[in-house]
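Observations on the model geometry
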Amino acid sequence: MKIATFNVNSIKVRLPILLSWLEEAKPDVVCLQEIKCLAGDFPTLELKGLGYHTEVVGQRSYNGVALLSKAPALDVVAGLPGDDADAQARYVEATVEGVRIASLYLPNGNPVATEKFSYKLAWIKRLKARAETLLVQEIPFVLAGDYNVCPTDADVFDPAALRDDALCQPESRRGFRALINLGLVDAFRIFHPEPHRYSFWDYQQGRWYRDEGLRIDHLLLSPQAADRVIAADIDKSPRGKDKASDHTPVWCELAMR
DNA sequence: ATGGTAGCCTTGCTA
């Protein structure tokens, strides 16, 4: 089963690029972030045309996540548990072919020293609590999405320039490591130890052209999922197209028997 | 030198 995560930065604008990538890459499950639309405005029919079921947690203008799957998605959880007052559309989770899969959009957190950063850290704590709940079940699961965390300086084109950014703060990295220390595995790093591989390039200052990016889109695997993973990579091709997202897809493949 | 780009039911906010 091939599982991908892709921050599309507006599903409306990115639909042509997404559809052509789906036809080419043929993922079984796709976790989308920043769809930036209400569930009712999501292009369900166009995706059904390529054989995908859709589960959408939408929001006007900002955020919004979705789960696309060739097989039906069961037992859907909409929203990250742990704070009923949190209205931001950043999490959807469901079971596909026996694998529990979440599409998550972790808060950016900039600027640091504002309530945006404390919201980010609180959100990471809730995600950790959710991971602990899932771990008890001893099932294969994948937490995939835009984490807005560069785990180490090897995931940043210029660590000094990003030193004060919320994506590289020690507290952000500590939160990410807390997930790893539960026993979750960064799928990409199993197969790619090399530094300076990125999943995001800012639109500004020629970052894509100069390959000056960040690795912030991750698939974290439960031990039972990590036992099955046979490949993982970043697919840079959608980022080079006209009207590209500032992110590109990251994927992994699980052996199903 | 605090710029630059992209997307949003826009005139500022978010990333």
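Described in the following lines is the structure provided in the data block. (Residues numbered from 1 in each chain as written. Chains lettered and ligands numbered in written order. Predicted model: local features only at pLDDT ≥ 70, side-chain atom pairs only at ≥ 80, totals over all residues. Heavy atoms only, no water.)

Glancing now at the overall build of chain A. From N to C terminus, chain A includes 6 helices and 12 strands. Over its C-alpha atoms chain A spans a radius of gyration of 17 Å, differing by no more than 12% from the 18 Å that the globule rule assigns to 257 residues. Each of the three principal axes of chain A carries a C-alpha extent, and together these read 45 × 45 × 40 Å. A sequence separation of at least 24 residues applies to 70% of the contacts in chain A between residues at least 6 apart. Surface accessibility of chain A: about 11,300 Å² in total, with carbon and sulfur atoms responsible for 51%. Of the charged side chains in chain A, 31 are positive and 35 negative; the average position of the first set lies 2 Å away from that of the second. (Helix = DSSP H or I, 4+ residues; strand = E, 2+ residues; numbered from the N terminus. Rg over C-alpha atoms; globule rule 2.2 N^0.38 Å. Contact = heavy atoms within 4.5 Å. Areas by Shrake-Rupley, 256 points an atom, 1.4 Å probe, with all protein chains shown as cover. Lys, Arg positive; Asp, Glu negative; His and termini not counted. Charge placed at Lys NZ, Arg CZ, Asp CG, Glu CD.)

Pairing is possible between side chains that carry opposite charge, provided their charged atoms lie close to one another. One pass over the structure, following the stated rule, counts 14 salt bridges. Between Asp164 and Arg163 there is a salt bridge, with the nearest N and O atoms lying 3.6 Å from each other. Classification of Arg163 as exposed rests on a relative accessible area of 58%. In the salt-bridge network here, residues are joined through shared partners; they are Asp155, Asp186, Arg189 and Arg215. (Salt bridge = Lys/Arg side-chain N within 4 Å of Asp/Glu carboxyl O. Buried < 20%, exposed > 50% of the residue type's maximum accessible area, 1.4 Å probe, protein only.)

Take the nonpolar core next. Ranked by size, the top nonpolar core spans 30 residues in total, and within it Ile3, Ile101, Val142, Leu219, Leu221, Cys252 and Leu254 carry the most contacts. Ignoring any residue separated from it by four or fewer positions in sequence, one finds Cys252 in contact with Met1, Lys2, Ile3, Ala187, Leu219, Leu221, Val229, Ala231 and Ala232. In terms of nonpolar packing, the next biggest core, distinct from the first, is built from 20 residues, Leu15, Ala25, Tyr52 and Leu68 among them. (Core = buried A, V, L, I, M, F, W, Y, C linked by side-chain atoms within 4.5 Å.)

The subject of this paragraph is the sheet that holds strand S11 (residues 229-234). Read across the open sheet, the 6 strands follow the order S3-S4-S2-S1-S12-S11; overall the sheet is mixed. The sheet is open, and its two borders are formed by strand S3 (53-57) and S11, each paired with just one other strand. Recorded for the sheet is a direction-independent mean angle of 15° between the axes of neighbouring strands. (Pairing = 2+ DSSP bridges. Axes fitted to C-alpha atoms, helices over the stretch in contact; angles between N-to-C directions.)

A word on the environment of Leu162. Residue position: Leu162 is located in the loop between strand S8 (141-146) and helix H4 (170-181). Its relative accessible area of 11% is what places Leu162 among the buried residues. Sequence separation between Leu162 and Leu214 is 52 residues; the distance between their C-alpha atoms is 9.8 Å. Apart from the residues lying within four places of it in its own chain, the contact partners of Leu162 are Val156, Phe157, Cys168 and Leu214.

The omega torsion across Asn110 and Pro111 is -5°, close enough to zero to call that bond cis. Here Pro111 shows up in the loop between strand S7 (99-105) and helix H3 (115-136).

Let's shift gears to the packing of H3 against H4. Think of two packed helices as two axes; the pair is described by the angle between the axes and how far apart they sit. Contact pair H3 / H4: the axes reach a minimum separation of 10 Å and the direction vectors enclose 5°. Comparing their axes, H4 and H3 come out roughly parallel. The segment H3 lies against H4, with Phe117, Lys120, Leu121, Ile124, Leu127, Lys128 and Ala131 engaging Glu171, Ser172, Gly175, Ala178 and Leu179. Here the contact of H3 with H4 is built from residues that sort into 7 nonpolar, 2 polar and 3 charged. (Parallel < 35°, antiparallel > 145°, perpendicular 65-115°, else oblique. Nonpolar A, V, L, I, M, F, W, Y, C, P; charged D, E, K, R; others polar.)

This model, assessed by the stated rule, comprises 4 aromatic pairs. For the ring pair Trp201 and Trp208, a centre distance of 4.8 Å and an interplane angle of 90° mean the geometry is edge-to-face. When the ring centre of Trp251 is taken as reference, the NZ or CZ atom of Lys2 above it lies at 4.6 Å. Between Lys70 and the ring centre of Tyr52, over which it is positioned, the NZ or CZ distance is 4.7 Å. (Phe/Tyr/Trp six-rings, centres within 6.5 Å; stacked < 30°, edge-to-face > 60°. Lys NZ or Arg CZ within 6 Å of the ring centre and 35° of its normal.)

Across its 22 residues, H3 extends 32 Å between first and last C-alpha, which sits within 8% of the 32 Å expected from 1.5 Å per residue. For H3, every residue scored as buried is listed here: Phe117, Lys120, Trp123, Ile124, Arg126, Leu127, Arg130, Ala131, Leu134 and Leu135. Its buried side turned inward, H3 meets strand S5 (74-78), strand S6 (91-96), S7, S8, H4 and helix H6 (223-226). Directly beyond the C-terminal end of H3, a positive phi value near 55° is found at Glu138. (Expected span 1.5 Å × (residues − 1).)

Without other data, these values stay purely geometric and don't point to any function.
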